[in-house]
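# Structural features, examined
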Amino acid sequence: MESDRTSSSSSPKGQGVNFSAPRSFVVKLRSKCKETFFPDDPFKPISQEPNGLTKTKKTLEYFVPIFEWLPKYNLQKLWYDLLAGITITSLAVPQGISYANLASIPPIIGLYSSFVPPFVYAVLGSSNTLAVGTVAACSLLISETFGEDLLKKDPNLYLHLIFTSTFITGVFQFALGFFRLGILVDFLSHSTITGFMGGTAIIILLQQLKGVFGLVHFTHKTDVVSVLHALFTHRDEWKWQSALAGLCFLIFLQSTRYIKKIKPKLFWVSAMGPMVVVLVGCLVAYLVKGTEHGIQTVGPLKKGLNPPSIQYLTFDAKYLPLVIKAGIVTGLIAMAEGIAIGRSFAVMKNEQTDGNKEMIAFGLMNIIGSFTSCYLTTGPFSKTAVNYNAGTKTPMSNVVMGLCMMLVLLFLAPLFSYTPLVGLSAIIMSAMLGLIDYEEMYQLFKVDKFDFLVCMSAFFGVSFLSMDYGLIISVGLSVVRALLYVARPSTCKLGRIPNSVMFRDIEQYPGSEEMAGYVILQLGSPIFFANSTYVRERILRWIRDEPEEVEFLLLDLSGVSSIDMTGMETLLEVRRILVSKGIKMVIINPRFEVLEKMMLSHFVEKIGKEYVFLSIDDAVQACRFNLSTSKSEPCS
């Protein structure tokens, strides 16, 4: 190989490697920031518009999505959205009361939370299908975080702290969306969410046994052992009448879900089920004067729209750590759940949602909600599924739900004061049975055992320890797995596919041909301080395990997206070791960023530009015709 080659490496078949001057720091920083925070390049279509007015219009549509879909709105869409909005309202009322009861706050707060937030989401949300409301998991987590002692000591302070934690949630979600830090949500993997939701469903199901059996005394702890202990300790309080009613309600609700499953067009039967339970329960409790016979009911619900609650936000240093913890943890879970659900249904309709826009919408929804007597809201699965099945076309269905909730609050709220707690328990239990995804867990077990372990750690951690510990353990295992991928990157030995110039992994393609005297390795991850020792030892092991004498080591770096100084020093160290054994090392297809660093650090000068090639075939041809006759240069 000619030693005077200065601009590129070439071969009889190949185009030379581009050794152009490295980009400036500012250019590289801009490129990195764009790829990190704007991977979808959302402003490119706006910048391509010819005139300023159109650019302003497109910018407004991007930041406030209602300006994009409202001008195209028509009566046909309104009909579908009207039907969907009324249908999800029938679910919002019983769920709002039930989940507020789960959070140990006044039931009317659950109704308030389905009035104001839907209007905010309709203006700012990017999903045409997502329906806004409260969720069971976060409701229980809020109750667990603030605890029974505070609730008994000062119920008003307890409620004010929940408003404050909702405000913190909103600020946290808005900040993540505004600064485009949705990457943080990615640490909640699909396996973690599946296990967490399943474990949460188990403890919520057990918590509802209090209402089913009509118990007066019960534990506020959420782990399985404590709940079962409380249930059997207070056997003397069990009421068979309540248990029978709960069983009948549950059978009815599950029957409606089964009807929906076998005949999807009858989705409205399942959607109306909870409202039927509430109305029947209210009627029976009213006619038989249930409170006089030990039937526990929701209690008084006053008429009227959401009163302001901004004056109740409490930032007392004594409770601030607790408030911040509740706000951030529930905010992260609610955000991950809402975005995942929105994306899932968007895929079904061949649409797209913007995760960062969703975070901003959720954030402002909860900030404004905390000012208007609402607690944490997001996009619950059950309500969104009903919205989708009802044929919703735009976020207008949330506006319809908000208007219907306004009518309920103004005129009908007191009627629901007779709702028996056993009916609410049955509604929650029916909803929770659908959250335990056995099929997905089995699929994880079949496909990836470590993913299954992550899922089960969340499931059992939540069930037997607490919701925070279960989440922490599962996320911790996910992070450990990510670190293992980084610290132990994949490497493979390549062989030539017969009668071609393609080189592939010899384990995956056993028919590929190994070339005598050549070891061709492909590195598949960034090379930096955390894995450089492993990379060095693995390369040397490949050489050591080779049965025949090795003359050339070819390193394919096409899968190496980045490298640091430690990584480059490691490669130089490997080269020095190989040169001492009479083996020549060749670099193949380093990516732009990697090659830039190699040039700036004089790595290329030290190994020689003639040892850098664009493709494996180029390198093999050059080694075959040139390197075999050249003398290895002294190591730097």
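Please read these numbers as outputs of a predicted model, since none were measured by experiment.

### Considerations on the pattern of salt bridges
- For the structure shown, the criterion picks out eleven salt bridges.
- Among the ionic pairs, arginine 541 bridges to aspartate 545, the shortest N-O distance being 3.9 Å.
- With its nearest N and O atoms 3.9 Å apart, the salt bridge here joins glutamate 593 to lysine 597. Of the two residues, glutamate 593 and lysine 597 both sit in helix α25 (residues 592-600), four residues apart, roughly one turn of that helix.
- By relative accessible area, lysine 597 is classed as partly exposed at 30%.

### Observations regarding the domain arrangement of the protein chain
- As assigned here, the protein chain comprises domain 1 (80-293 + 304-480) and domain 2 (491-627).
- A straight line from the C-alpha centre of domain 1 to that of domain 2 covers 53 Å.

### A word on the sheet that holds strand β2 (residues 503-505)
- Spatially, β2-β1-β3-β4-β5-β6 is the arrangement adopted by the six strands of the open sheet, whose pairing is mixed. The strands lining the two open edges of the sheet, one partner per strand, are β2 and β6 (612-613).
- Relative to β6, strand β5 (residues 584-588) runs parallel, the two sharing two bridges. Paired with isoleucine 588 across the two strands is phenylalanine 613, which belongs to β6.

### Thoughts on a nonpolar patch on the surface
- Taken together, the side chains of Phe252, Trp268, Met272, Val276, Val280, Leu283, Val284, Tyr286, Leu287, Val288, Ile295 and Tyr418 present a nonpolar region at the surface, about 1100 Å² in accessible area.
- Counting residues per element, the nonpolar patch draws most heavily on helix α14 (residues 267-287), which supplies eight residues.

### Thoughts on the pairing of β5
- For β5, the buried fraction is high: five of the five residues fall into the buried class.
- Across five bridges, the pairing between strand β4 (residues 552-556) and β5 is parallel. By the bridge assignment for β5, leucine 553 is matched with methionine 585.
- As a crossover connection, the stretch from β4 through helix α24 (residues 565-580) into β5 is right-handed.

### Quick look at the packing of aromatic side chains
- Applying the stated criterion across every chain, the model contains 16 aromatic pairs.
- With centroids separated by 5.8 Å and ring planes inclined at 65 degrees, the aromatic side chains of tryptophan 69 and tyrosine 73 adopt a geometry described as edge-to-face.
- Taking relative accessible area as the criterion, tryptophan 69 reaches 11% and is therefore assigned buried.
- We classify tyrosine 73 as buried; its relative accessible area is 19%.
- Ring geometry for phenylalanine 445 and phenylalanine 452: centres 5.1 Å apart, planes at 70 degrees, overall edge-to-face.
- An aromatic cluster is defined as three or more aromatic residues linked by ring pairs; in this entry it consists of Phe167, Phe315 and Phe371.
- Over the face of the ring belonging to phenylalanine 445 we find lysine 449, whose NZ or CZ atom lies 4.7 Å from the ring centre.
- The lysine or arginine in question, lysine 609, covers the ring of phenylalanine 19, its NZ or CZ lying 5.1 Å from the ring centre.

### Some points on helix α16 (residues 355-371)
- The terminal C-alpha atoms of α16, which comprises 17 residues, lie 25 Å apart, in line with the 24 Å expected from a rise of 1.5 Å per residue.
- Judged by how many residues are buried, α16 sits mostly within the fold: 13 of 17 residues are covered.
- The backbone nitrogen of asparagine 356 has a side-chain oxygen 2.9 Å away, supplied by the residue at the start of α16, namely aspartate 354.

### Regarding the confidence of the model for the protein chain
- The share of residues in the protein chain with pLDDT of 70 or more is 94%, and the mean pLDDT across the chain is 84.
- Across residues 1-14, confidence stays below pLDDT 50; counting only partners more than four residues off in sequence or on other chains, it has 32 contacts.
- Counting interchain partners and residues more than four positions distant, the pLDDT-below-50 stretch residues 631-636 has 14 contacts.

### Remarks on the environment of leucine 415
- Looking at where leucine 415 falls in the secondary structure, it is placed in the loop between α18 (396-412) and α19 (421-433).
- In sequence terms leucine 415 and tyrosine 99 are 316 residues apart; their C-alpha atoms lie 18 Å from each other.

### Let's talk about the UniProt feature "domain: STAS" (unreviewed entry) in the protein chain
- What UniProt calls "domain: STAS" (unreviewed entry) maps, in this numbering, to residues 508-623.
- Within residues 508-623, the helical portion is 44% and the strand portion 16%, while the C-alpha atoms at the span's ends are 26 Å from each other.

### Observations concerning the packing of helix α9 (residues 155-178) against helix α15 (residues 320-348)
- The N-to-C vectors of α9 and α15 enclose an angle of 55 degrees; their axes lie 8 Å apart at closest approach. Comparing the axis directions of α9 and α15 gives the class oblique. Between α9 and α15 the crossing geometry is right-handed. Note on element contacts: α15 touches α9 through Val323, Ile324, Ala326, Gly327, Ile328, Thr330, Gly331, Leu332, Ala334 and Met335, opposite Leu161, Thr164, Ser165, Ile168, Thr169, Phe172, Gln173 and Leu176.
- Taken together, the residues that form the contact of α9 with α15 break down as eleven nonpolar, seven polar and no charged.

About the thresholds
- Residues numbered from 1 in each chain as written.
- Predicted model: local features only at pLDDT ≥ 70, side-chain atom pairs only at ≥ 80, totals over all residues.
- Heavy atoms only, no water.
- Salt bridge = Lys/Arg side-chain N within 4 Å of Asp/Glu carboxyl O.
- Helix = DSSP H or I, 4+ residues; strand = E, 2+ residues; numbered from the N terminus.
- Buried < 20%, exposed > 50% of the residue type's maximum accessible area, 1.4 Å probe, protein only.
- Domains from an automatic or database assignment.
- Pairing = 2+ DSSP bridges.
- Patch = residues over 30% accessible without salt bridge, like charges linked within 9 Å, V, L, I, M, F, W, Y side chains within 5 Å.
- Areas by Shrake-Rupley, 256 points an atom, 1.4 Å probe, with all protein chains shown as cover.
- Right-handed = clockwise from strand over helix to strand, strands pointing away.
- Phe/Tyr/Trp six-rings, centres within 6.5 Å; stacked < 30°, edge-to-face > 60°.
- Lys NZ or Arg CZ within 6 Å of the ring centre and 35° of its normal.
- Expected span 1.5 Å × (residues − 1).
- Polar contact = N/O pair within 3.5 Å; in protein donor to acceptor, adjacent residues only side chain to side chain.
- pLDDT = per-residue confidence, 0-100.
- Contact = heavy atoms within 4.5 Å.
- UniProt positions renumbered as here; feature names shortened; annotations may be inferred.
- Axes fitted to C-alpha atoms, helices over the stretch in contact; angles between N-to-C directions.
- Parallel < 35°, antiparallel > 145°, perpendicular 65-115°, else oblique.
- Left-handed = near helix turned anticlockwise from the far one by under 90°.
- Nonpolar A, V, L, I, M, F, W, Y, C, P; charged D, E, K, R; others polar.

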